[in-house]
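These are the residues of each chain, in order.
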Amino acid sequence: MTLFVGSVDGVWRIDDEGSEGDRMLAAGAGPLTVWRVKRADGTVYAACEAGLFRSADGGHTWEDLDVPATPVFSVAVSPDGRVYAGTHPPRVYVSDGKGWTECEALQDQPSRADWDSPVHDEGQVRHLDLPPNVPDRVVAGVERGGVHVGDDGGETWTERREGVWDDIHHLHRVDASTYYASTGTGLYRTDDTGRSWTRLDDGLERSYFREAFVHEGTLYAGATMGPSTTWRGPDGAEGALFESADRGETFESVAYPGQGTEAVLAWASDGTRVYAGTDRGRVLVRDDGEWRRWASVPAGIRSLVWV
């Protein structure tokens, strides 16, 4: 298997432990921020500031899918091959391979006028999910617009914002109805596809979450004191890593390489072990209950996927 890394300077490929990776998607003269890498039937997708790209040959060549708007922050692929793309400004597009159609009803949500972001006016669709066992359901996390669910492929949408902070960074699906939402103020869980939410980080010293992950019943989450604009100076991100064996009811703070100065921003599993990526380009692996350095890339990590 190969680990693909979405970073602030392109997509990197790591084939071996200890490697510094090979850059497989770049922007030529300047850095290319890749917010999300995903896989579907062996194909790798990269959602980035230049658009949405895919590679069917291990990252050696890439096809620009020509999404009508850029940057593209999120991507999801259905079992029948439909591709969904989430952009800034916050719009969702879908393609069946014959061009793109906007899921325009998202713009009619009652809260639409209130969506914004400290970084980008109007915000962006930061995460998209298509539960494989619920045909035509699309779940969208909007920064800063909350969670929205479409049960007809995105023709119509229902707001699921009540009880969760609207600065959505990532949604991790456990099953068709259970999601963990990582936000700019708190970590939340829903067991009914967003109809109700439970905040999980009460009592923790840090409340800024970028991404959470569940593997074999353990919940993993990295948190910092504030957004990336504050990750400067000798203290860096002031990051912490938390693990929970009871769905977030209680947490244990665990040590990791780069603890304190580095933020854990991305997660993946090869089916056996859990891997984490940091803002300083480290890839960590959990072995025998402890975290150690596994590999690295020369750019801050934003997303991981095994292919």
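Everything numeric in this text was worked out from a predicted model, so none of it was measured.

Visitor: Got a minute to help me understand the overall build of the protein in this structure?
Guide: The secondary structure content of the protein amounts to 0 helices and 28 strands. Principal-axis analysis of the C-alpha atoms places the extent of the protein at approximately 45 × 45 × 35 Å. Taken over 307 residues, the protein has a buried fraction of 58%. The long-range fraction of contacts in the protein, counting pairs at least 24 apart against all pairs at least 6 apart in sequence, stands at 44%. When the accessible surface of the protein is summed, it comes to about 12,700 Å², and 42% of that surface belongs to carbon and sulfur atoms.

Visitor: I tried to follow the packing of aromatic side chains on my own but got confused; where do I start?
Guide: If you walk through the whole model with that rule in mind, you get 9 aromatic pairs. With a centroid separation of 5.7 Å and 35° between ring planes, the pair formed by Y220 and W267 is classed as tilted. Placement of Y220 in strand 21 (residues 218–224) and of W267 in strand 24 (residues 264–269) is noted, with a sequence separation of 47 residues between them. This pair shows no difference in class: Y220 is buried, exactly as W267 is. Three or more aromatic residues joined by ring pairs make a cluster, and in this case those are Y220, W267 and W291.

Visitor: Hey, could you run me through the pattern of salt bridges in this one?
Guide: Close approach of charged atoms allows side chains of opposite charge to pair. As enumerated under the stated definition, the model contains 25 salt bridges in all. With a closest N to O distance of 2.8 Å, R23 and D9 form a salt bridge. With R23 in strand 3 (residues 22–25) and D9 in the loop between strand 1 (3–7) and strand 2 (10–14), the pair connects residues that are 14 residues apart, well separated along the chain. Measuring nitrogen to oxygen at the nearest pair gives 2.7 Å for the salt bridge that ties R126 to E143. Of this pair, R126 sits in strand 12 (residues 124–129) while E143 sits in strand 13 (residues 138–143); the two residues are 17 residues apart in sequence, bridging distant segments of the chain. Residue classification places R126 among the buried residues on the basis of a relative accessible area of 13%. One network of salt bridges, in which partners are shared, links E17, R273, D287 and R292.

Visitor: What am I meant to see in the nonpolar core here?
Guide: Burial of nonpolar side chains together is a common tendency in soluble globular proteins. One finds L3, V5, I14, V283, W294, I301 and L304 to be the most contacted residues of the largest nonpolar core, which totals 16 residues. Those elements that provide at least two residues to this core are strand 1, strand 2, strand 24, strand 26 (282–287), strand 27 (290–296) and strand 28 (301–306). In terms of residues, this core owes the most to one element, strand 28, which gives 3 residues. If we skip the residues at most four places from it in the chain, I14 touches T2, L3, V5, S19, G21, V283, W294, A295, S296 and V297. Among the nonpolar cores identified, the runner-up in size contains 14 residues, and V94, C103, V142 and W157 belong to it.

Visitor: Would you mind going over the side chain of R13 with me for this structure?
Guide: As for its placement among the helices and strands, R13 is situated in strand 2. Within polar-contact distance, the side chain of R13 engages the side chain of D15 at 3.0 Å. Among the polar contacts made by the side chain of R13, one reaches the main-chain carbonyl oxygen of G58 at a distance of 2.9 Å. Excluding residues that lie within four positions of it along the chain, R13 makes contacts with T2, L3, F4, G21, D22, M24, G58 and H60.

Visitor: Just to check I follow, could you spell out unusual backbone geometry for this structure?
Guide: Glycine aside, the phi torsion of most residues is negative, and most peptide linkages are trans. The omega angle of the peptide bond from H88 to P89 is -5°, so this bond is cis rather than trans. Position of P89 among the secondary structure elements: in the loop between strand 9 (83–87) and strand 10 (92–95). At the junction of E143 and R144, the peptide bond is cis and its omega measures out at 0° in the coordinates. Within the fold, R144 resides in the loop between strand 13 and strand 14 (146–150). Even without a glycine there, the phi angle at D41 is positive, about 50°. Here D41 lies in the loop between strand 4 (34–40) and strand 5 (43–48). The backbone of R247 shows a phi angle near 65°, a positive value even though the residue is not glycine. By the element assignment, R247 lies in the loop between strand 22 (240–244) and strand 23 (252–254).

Visitor: Teacher, can you tell me more about the environment of V254 here?
Guide: Assignment of secondary structure puts V254 in strand 23. Taking relative accessible area as the criterion, V254 reaches 11% and is therefore assigned buried. A C-alpha to C-alpha distance of 8.6 Å links V254 and W291, two positions 37 residues apart in sequence. Residue contacts for V254: discarding those within four places in its chain leaves L241, E243, Q259 and W291.

Basis of the calculations
- Residues numbered from 1 in each chain as written.
- Predicted model: local features only at pLDDT ≥ 70, side-chain atom pairs only at ≥ 80, totals over all residues.
- Heavy atoms only, no water.
- Helix = DSSP H or I, 4+ residues; strand = E, 2+ residues; numbered from the N terminus.
- Buried < 20%, exposed > 50% of the residue type's maximum accessible area, 1.4 Å probe, protein only.
- Contact = heavy atoms within 4.5 Å.
- Areas by Shrake-Rupley, 256 points an atom, 1.4 Å probe, with all protein chains shown as cover.
- Phe/Tyr/Trp six-rings, centres within 6.5 Å; stacked < 30°, edge-to-face > 60°.
- Salt bridge = Lys/Arg side-chain N within 4 Å of Asp/Glu carboxyl O.
- Core = buried A, V, L, I, M, F, W, Y, C linked by side-chain atoms within 4.5 Å.
- Polar contact = N/O pair within 3.5 Å; in protein donor to acceptor, adjacent residues only side chain to side chain.

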